[in-house]
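So the chains spell out like this:
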Amino acid sequence: MANDMINPWAIAAIVTIYLPIALVSYFLGCINGAVFTSKLFYHDDVRKHGSGNAGLTNFYRTYGAKYALCVIALDMGKAAAAVGFSVLLLNIYGADAELLLLGKYFAGLFCIIGHMFPVTAQFKGGKGILCSGTLLLCLNWRIAFVCWGLFLVLWLTTRYVSLGSVSAAAAFPIATHLAYGETRLTILSVLTAALVLYAHRENIVRLLRGTENKFRFHVNAPKEGEP
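A brief look at the structure comes next. Because the structure is predicted, anything quoted here is derived from the model rather than measured. Residue numbers run consecutively from 1 along every chain, following the written order of its sequence. Predicted model: local features are reported for residues with pLDDT of at least 70 only, side-chain atom pairs are reported and counted for 80 or more only, and whole-chain, interface and lining totals are derived from all residues. As a convention, hydrogens and water are excluded, and side-chain values are obtained from all of the structure's heavy atoms.

### A few points about the environment of Cys30
Helix numbering and strand numbering both begin at the N terminus, where a helix is a DSSP run of H or I of at least 4 residues and a strand a DSSP run of E of at least 2. Along the chain, the position of Cys30 falls in the loop between α1 (8–29) and α2 (33–42). Judged by its relative accessible area of 7%, Cys30 falls in the buried class. Along the sequence, Cys30 and Gly114 sit 84 residues apart, while their C-alpha atoms lie 4.7 Å from each other. Residues are treated as being in contact if the distance between any of their heavy atoms lies within 4.5 Å. If we skip the residues at most four places from it in the chain, Cys30 touches Gly114, His115, Pro118, Val119 and Thr120. Accessibility here uses a 1.4 Å probe with only protein chains present; expressed as a share of the type maximum, an area under 20% marks a residue as buried, one over 50% as exposed, and anything in between as partly exposed.

### Details of the side chain of Ser132
The topology assignment puts Ser132 in helix α6 (residues 129–139). Exposure remark for Ser132: the relative accessible area of 13% places this residue in the buried category. What qualifies as a polar contact is a pair of N or O atoms within 3.5 Å, subject to a donor-acceptor requirement within protein and to the restriction that residues adjacent in sequence count only when both atoms come from side chains. A distance of 3.1 Å separates a polar side-chain atom of Ser132 from the backbone oxygen of Ile129. Every residue in contact with Ser132, bar those within four places of it in the chain, is listed here: Ile112 and Val196.

### Description of the nonpolar core
Residues belong to one nonpolar core when they are buried, are Ala, Val, Leu, Ile, Met, Phe, Trp, Tyr or Cys, and are joined through side-chain atoms within 4.5 Å. Tyr18, Ile21, Leu90, Tyr105, Ile143, Cys147 and Phe172 are the most contacted members of the largest nonpolar core, which totals 42 residues. Among the elements that take part in this core, helix α5 (residues 97–116) stands out by supplying ten residues, more than any other. Those residues in contact with Phe172, other than ones at most four positions away along the chain, are Tyr105, Leu135, Leu136, Leu139, Ile143, Cys147, Ser189 and Thr192. In terms of nonpolar packing, the next biggest core, distinct from the first, is built from seven residues, Ala34, Val35, Phe59 and Tyr63 among them.

### Here we look at the packing of helix α4 (residues 68–92) against α5
Each axis is a line fitted through C-alpha atoms, and for a helix only the stretch in contact is used; angles between axes span 0 to 180 degrees, taken between their N-to-C directions. Contact geometry of α4 with α5 gives a least axis separation of 8 Å together with a crossing angle of 145°. Here the hand of the crossing between α4 and α5 comes out right-handed. Contacts from Asp75, Lys78, Ala79, Ala82, Val83, Ser86, Val87, Leu90 and Asn91 of α4 reach α5 at Leu99, Leu100, Gly103, Lys104, Ala107, Cys111 and His115. The class makeup of the residues in the contact of α4 with α5 is nine nonpolar, four polar and three charged. Helix crossings fall into two classes, left-handed where the near helix is turned counterclockwise from the far one by less than a right angle and right-handed where it is turned clockwise. The nonpolar class holds Ala, Val, Leu, Ile, Met, Phe, Trp, Tyr, Cys and Pro. Asp, Glu, Lys and Arg form the charged class, and all remaining residues, Gly among them, are polar.

### Quick notes on the environment of Cys111
Here Cys111 lies in helix α5. By relative accessible area, Cys111 is classed as buried at 1%. Expressed as a C-alpha distance, the spacing of Cys111 and Ala82, which sit 29 residues apart in the sequence, is 6.7 Å. If we ignore the near neighbours within four places in the chain, the residues touching Cys111 are Ser25, Tyr26, Gly29, Lys78, Ala79, Ala82 and Cys131.

### Quick word on the pattern of salt bridges
By definition, a salt bridge exists where a carboxyl oxygen of Asp or Glu is found within 4 Å of a side-chain nitrogen of Lys or Arg. Taken as a whole and assessed by the stated rule, the structure comprises five salt bridges. For Asp75, the salt bridge goes to Lys78, with nearest N and O atoms at 3.2 Å. Placement of both Asp75 and Lys78 in helix α4 is noted, with a separation of three residues, approximately one turn of the helix. For the pair shown, Asp75 and Lys78 are each scored as buried. For Glu212, the salt bridge identified is with Arg206, shortest N-O distance 2.7 Å. Each member of the salt-bridge network shares a partner with another, and the members are Glu98, Glu182 and Arg184.

### Observations regarding the layout of surface pockets
Points on a 1 Å grid over protein atoms alone make up a cavity when a 1.4 Å probe fits among them but cannot get out, and a pocket when they form an open set with protein on both sides within 12 Å along at least five of seven lines; lining residues each have an atom within 4 Å of a point. Grid points are joined across faces, edges and corners, and a volume is the space filled by probe spheres set on the points. One number sums up the size of the second largest pocket: a volume of about 330 Å³. Together, 16 residues line the second largest pocket, and Asn53, Gly125, Lys127, Ala199 and Arg201 are the ones closest to its centre. Among the elements that make up the lining of the second largest pocket, the one with the highest residue count is helix α10 (residues 201–209) (four residues). Here the residues of the lining of the second largest pocket are counted per class, giving five nonpolar, six polar and five charged.

The values reported here are purely geometric and, on their own, carry no functional implication.
The following block contains the structure:
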């Protein structure tokens, strides 16, 4: 009877579809925009400066705005590529709309894992905001509107990037559940949000203590001695 409960197609799907999606998405996530750009244009490693984080905010604070668009393009592009690969592979296997959506969430999750814990950079990556933000844009415009809107409002009114980021992350599972009411999607969105919140755990502590750094607009890299 136990053998009757095993679905051979489900096992084959995991091996031939979801495993490749997980691997490709993870290794795409390992392409870190801030690390790559800092090494390419400054022959430096952004992780040696500021907060030590391999993300856009620390890159911008360290080097200025000159090559920030390169960081954005790489980190958003890899997330879009991961989602695109999942759609391509699932379409080859004739997946329906529900499975295509599930594949997008799945690919986005593993791309964020690769971004945060890249095997190519001693598992020391960024905090996944651009990746997760791109995932939202690939999923559902209503979810993207809620989460991006919350991020922008909080960031622009308080100048705390981290506050906008953690708030948007916390809203993601709620928005997903309200939009779809599908258990698997909700679980994947909870896991994604949990990763982002975990990556921001130190920022959350500083926010609660009132010691978090505010975002400051500038074009060039700070001069010697400037914060």
